[in-house]
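Report on the structure
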Amino acid sequence: MLSNKLQSELNKQMNNEFFSEYEYLSMAAYFHGMNLDGMANYFHVQAQEEHFHAMKIFHYIIDKGGKVELQQIAKPDVDFASPITVFEKALEHEKKVTKSINDLMDVAIKENDHAVNSFLKWYVDEQVEEEASASKALGKMQLIGGKGEGLLMLDQEFAQRTFVAPAA
Ligand code: FEO
């Protein structure tokens, strides 16, 4: 059984993950608009990862006999100043998600709920990777100054990214 508090916090985190999916889809749309389809692909893959993160929580709540409550998804950013800004925002966003996972873990620890604690460890580890890959992508964008031929080269590299569902 989930406590009311943990059920509500897990539902909130599920919403955060769906919002992340939206945010990254919006970034993908921005790059399609610039004919940088490889960069768009990078964010489509990111959006797929976020969908996976959300659905993992969805099924966990069900498995625990809890109630999934889908909420409204906030409007994502739709205007970006430059390609480099998008990658800055993506890293910033991942840092916020890490904080919300940590806050959720604090609740599980406080409530001494070992099962939820164990479930959330996957997210704690995943966030290390999420921040590392966002940071690496931003670093590459900074290296090329976010424009020119370098941008086209990076676009080709990011076109190769594929979604691989993590071991659940
Ligand atoms: Fe679900 Fe990118 O964190």
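Residues numbered from 1 in each chain as written. Predicted model: local features only at pLDDT ≥ 70, side-chain atom pairs only at ≥ 80, totals over all residues. Heavy atoms only, no water.

**Points about empty space enclosed by the protein**
By the definition in use, this model includes one cavity of 30 Å³ or more. Lining of the largest cavity is provided by Tyr24, Tyr42, Phe43, Gln46, Phe87, Ala90, Glu94, Glu130, Ser133 and Ala134. Elements with a minimum of two residues in the lining of the largest cavity: helix 2 (37–63), helix 3 (83–110) and helix 4 (114–143). Across the lining of the largest cavity, the residue classes tally to six nonpolar, two polar and two charged. (1 Å grid on protein atoms, 1.4 Å probe; cavity = no way out; pocket = protein on both sides within 12 Å on 5 of 7 lines; lining within 4 Å. Points joined across faces, edges and corners; volume = space filled by probe spheres on them. Helix = DSSP H or I, 4+ residues; strand = E, 2+ residues; numbered from the N terminus. Nonpolar A, V, L, I, M, F, W, Y, C, P; charged D, E, K, R; others polar.)

**Quick notes on the side chain of asparagine 117**
Among the structural elements, asparagine 117 can be located in helix 4. Judged by relative accessible area, asparagine 117 falls into the buried class, the value being 16%. Apart from residues no more than four positions distant in its own chain, asparagine 117 is found in contact with Met105, Ala108 and Ile109. (Buried < 20%, exposed > 50% of the residue type's maximum accessible area, 1.4 Å probe, protein only. Contact = heavy atoms within 4.5 Å.)

**A closer look at unusual backbone geometry**
Not every positive phi belongs to a glycine, and asparagine 35 is a case in point at roughly 65°. Its location among the elements puts asparagine 35 in the loop between helix 1 (4–33) and helix 2. Overall, the relative accessible area of 65% leaves asparagine 35 in the exposed class. Non-glycine residue asparagine 112 carries a positive phi angle of around 60°.

Keep in mind that these numbers describe shape and distance, not what the molecule does.
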